[in-house]
Amino acid sequence: MTTIAQDIPATPIDPFSNEYLLSPYAFHTELRELGPVSYLTKWDSYVVSQYQYVKEVLDQPSVFCSGAGVGISNFKKEPPWRVPSLVLETDPPDHTRNRAVISKTLSPIVLRNLKIQFEAEANLLIDRLLEKRTFDAVTDLAEAFPLKVFADAIGIIPENRENLILYGNMVFNGMGPKNELFLEAMSHAAAVNPWVMHACQRENLSKTGLGIQIYDAVDSGIFTEMEATTLVRSFLSAGIDTTAHAISNAIHSFISFPDQWAKLKANPLLAKSAFEEILRFESPFQTFFRTTTSEANLGGCVIPPNEKVMVILASGNRDPLKWDHPDVFDISRVTVGHLGFGAGIHGCVGQMLARAEVEMLLQVMAKKVASFRFTGEPKRLLHNTLRGFEKLPIELI
Ligand code: OVM
C-alpha cells in the first residue's frame, strides 16, 4: 500500500516553556489534534503525541534510534554532556547485550525478596511519618523511600545519597534544551558527578547488592571495568527521581481524588493497579526523543533522516482514541498498554523493581493512614522531562 505524503503542520507550541511544563495536558490535546506528526518551529524537532504513533515510533527502533541521544540534542551534531548510557542511548546489537546484563540481576526470585524488604522499610517510614504528622511529602516521603530502598538494593554507599536526586535532575533536565532548568541542574555537576562514578565502582558497591553483579560480566570478559561502572550508573540515573516523582504524584492524586483514596483503603490490594493508573494519569517520565536513521513514515507524514522526534508518552497516556475518560483518575481502570514505562526494546528494564517499591509503599499507607490533607499550596516542579512536585506540604491523619 502506498500512503500519500501529508504535509506536516508546524506549531509554535513550546514544550519547554514554563506555561507548558506547569500544565501540559491542554497542549497535548492541541498537538494530538494536529495529526500524527507536527513540527516544533522553536526547536527544529518533530513531535509525536497520539497513542498509536507513539507506539509506532517505539516499535521501530531501527528507524527511530536512541544512539544519537534521547534528549533534544543530536549527539551526531553536538557532544553529549556525559559518557552516553550503554542502554538508554545505545542501539542494537550493543543495546541487546548490555540490557541483558542488567536484566539478569532482576530475576523474579530477587524481586520477591526485595519486595519483603520494601514492605518492612515502608512500615518503618510510615510509622515515623505518622508520628511526625506534618512534613513535606516530596523530601520526607517520595525521595526518602527510594533513596533508602532502591539505593540499598543496588548496594550504594550510605553517605551523601542526596546526590542521587541532584544527579537524576541533571540526567532528565539534560534531555531538554540548554535553558535555565538545564543550567541550574548542571551547576551541581562538579560536586555530584565524581560522587556518582565513585559510588558505581566495584570496590564501593556492597557485596550483596545488584550493582556488583554487573561486574561479573567484566570477569567473564564481556565488559571492561569502565563499561561496568557506566552500566551501574544507569541504575542510579533511571531509578531514583522517576520513582520519587511517581510517589509525589500518587500523594497529590489521592488527596485531590478522595474517592480513590477511599477505594484503596477499602482494598489495599488495589495498590498494584493504582500505581499503573498513576503512571498513566501523571506520567513522571513525560517525554523523550528519538532520531531518524532514514526517511520515516508515520501515518503518511514523512520525516527526513537525521531529525529529532519528540515522543510524548504522557500524551499517549491521555489520548481519547485509546482511553475512555482519559482525564479521570480511576485506580480500578484497566491500564494495560499504558506508556508510563515506555514500550518496545527500551521499555523500562527496572519496571518490576519500581512496581515492587511503590506497590508496597501504597499498600502500607492504605493500611496505616486514615487520610491526609495539604497544609500548604503544593508546588509543581518545573522540569524539562519529569512531572512531579517541588513541595507537597501535607498532614497525615
Ligand atoms: C541511563 C538512563 C538514564 C535516565 C533514564 C533512563 C529511563 C536510563 O543512564 O541508562 O531510563
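These remarks concern the structure in this document. (Residues numbered from 1 in each chain as written. Predicted model: local features only at pLDDT ≥ 70, side-chain atom pairs only at ≥ 80, totals over all residues. Heavy atoms only, no water.)

## Regarding the overall build of the protein chain
Counting its regular elements, the protein chain contains 17 helices and 13 strands. Against the globule reference of 21 Å for 397 residues, the protein chain gives a C-alpha radius of gyration of 21 Å, in line with a compact fold. By its C-alpha atoms, the protein chain is 60 × 55 × 40 Å across when sized along the principal axes. Split into buried and exposed, the 397 residues of the protein chain put 58% on the buried side. Of the roughly 16500 Å² that the protein chain leaves accessible, carbon and sulfur atoms contribute 58%. Between the centroid of the 37 positive side chains of the protein chain and the centroid of its 45 negative side chains there is a distance of 4 Å. (Helix = DSSP H or I, 4+ residues; strand = E, 2+ residues; numbered from the N terminus. Rg over C-alpha atoms; globule rule 2.2 N^0.38 Å. Buried < 20%, exposed > 50% of the residue type's maximum accessible area, 1.4 Å probe, protein only. Areas by Shrake-Rupley, 256 points an atom, 1.4 Å probe, with all protein chains shown as cover. Lys, Arg positive; Asp, Glu negative; His and termini not counted. Charge placed at Lys NZ, Arg CZ, Asp CG, Glu CD.)

## Focus on the site of the ligand
In the vicinity of the ligand, the contacting residues are Arg82, Ser85, Val87, Leu88, Val171, Phe172, Ser234, Ser237, Ala238 and Phe285. For the ligand, an oxygen atom lies 2.9 Å from a polar atom in the side chain of arginine 82. Within the contact set of the ligand, an oxygen atom lies 2.6 Å away from a side-chain nitrogen or oxygen of serine 85. Burial of the ligand by the protein amounts to 88% of the accessible area it has alone, namely 300 Å². (Near = heavy atom within 4 Å. Polar contact = N/O pair within 3.5 Å; in protein donor to acceptor, adjacent residues only side chain to side chain.)

## Here we look at helix α15 (residues 271-281)
Of all 11 residues in α15, 9 are buried; the element is thus mostly enclosed. For α15, every residue scored as buried is listed here: Ala271, Ala274, Phe275, Glu276, Glu277, Ile278, Leu279, Arg280 and Phe281. Close packing links the buried residues of α15 with α2 (25-33), α13 (241-256), α14 (258-266) and α17 (351-368). (Contact = heavy atoms within 4.5 Å.)

## Looking at the nonpolar core
In a soluble, globular protein the nonpolar side chains are often hidden away together inside. In this structure, Leu141, Ile156, Ile251, Phe254, Met365 and Phe372 are the most contacted members of the largest nonpolar core, which totals 114 residues. Examining the composition of this core, we find that 11 residues originate from one element, helix α6 (residues 137-154), more than from any other. Residues contacting isoleucine 156, with those up to four places away along its chain left out, are Ala151, Arg161, Trp195, Ala199, Leu205 and Leu236. One finds Leu21, Leu31, Ile72 and Phe289 within the second-largest nonpolar core, a separate group that totals 14 residues. (Core = buried A, V, L, I, M, F, W, Y, C linked by side-chain atoms within 4.5 Å.)

## Here we look at the sheet that holds strand β5 (residues 134-136)
Strand order in the open sheet formed by 3 strands is β5-β13-β10, with antiparallel pairing between adjacent strands. If you trace the sheet from one side to the other, it starts and ends with β5 and β10 (372-374), each paired once. Strand-to-strand, the axes of this sheet are offset by a mean angle of 30°, without reference to chain direction. Across 3 bridges, β10 lies against strand β13 (residues 393-396) in antiparallel orientation. When the sheet's bridge partners are listed, phenylalanine 374 is paired in β13 with isoleucine 394. (Pairing = 2+ DSSP bridges. Axes fitted to C-alpha atoms, helices over the stretch in contact; angles between N-to-C directions.)

## A look at the side chain of threonine 385
For threonine 385, the location among the structural elements is in the loop between β11 (379-380) and β12 (389-391). Judged by its relative accessible area of 3%, threonine 385 is buried. At 2.7 Å, the side chain of threonine 385 and the backbone oxygen of phenylalanine 172 are in polar contact. Once you skip the residues sitting within four places of it in the chain, threonine 385 turns out to touch Phe172, Met175, Pro284, Phe285, Gln286 and Thr287.

## Structural notes on the pattern of salt bridges
Overall, the coordinates contain 21 salt bridges when judged by the stated rule. In this structure, aspartate 140 engages lysine 132 in a salt bridge whose closest nitrogen and oxygen atoms are separated by 3.2 Å. Its relative accessible area of 22% is what places aspartate 140 among the partly exposed residues. Here the salt bridges do not stand alone but share partners, grouping Lys115, Lys272 and Glu359 into one network. (Salt bridge = Lys/Arg side-chain N within 4 Å of Asp/Glu carboxyl O.)

## A short note on the sheet that holds strand β4 (residues 64-65)
If you walk across this open sheet you meet the 6 strands as β1-β2-β3-β9-β6-β4, and the pairing is mixed. The open sheet has two edge strands, β1 (10-11) and β4, and neither has a second partner. Judged from the 2 bridges that link them, β4 and strand β6 (residues 287-292) form a sheet pairing that is antiparallel. The residue bridging cysteine 65 from the neighbouring strand is threonine 291, located in β6. Packed onto the sheet, helix α3 (residues 51-58) meets β3 (45-48), β4, β6 and β9 (308-312) and runs at close to 125° relative to β9.

## Describing the pairing of β9
Counting buried positions along β9 gives 5 out of 5 residues, so the element sits mostly inside the fold. Side chains of β9 alternate between two faces, with Lys308, Met310 and Ile312 and Val309 and Val311 buried alike. In terms of strand pairing, β3 meets β9 through 3 bridges, oriented parallel. What sits directly across from valine 47, in β9, is methionine 310. Of the strand pairs in this sheet, β6 and β9 are connected by 5 bridges, and their pairing is antiparallel.

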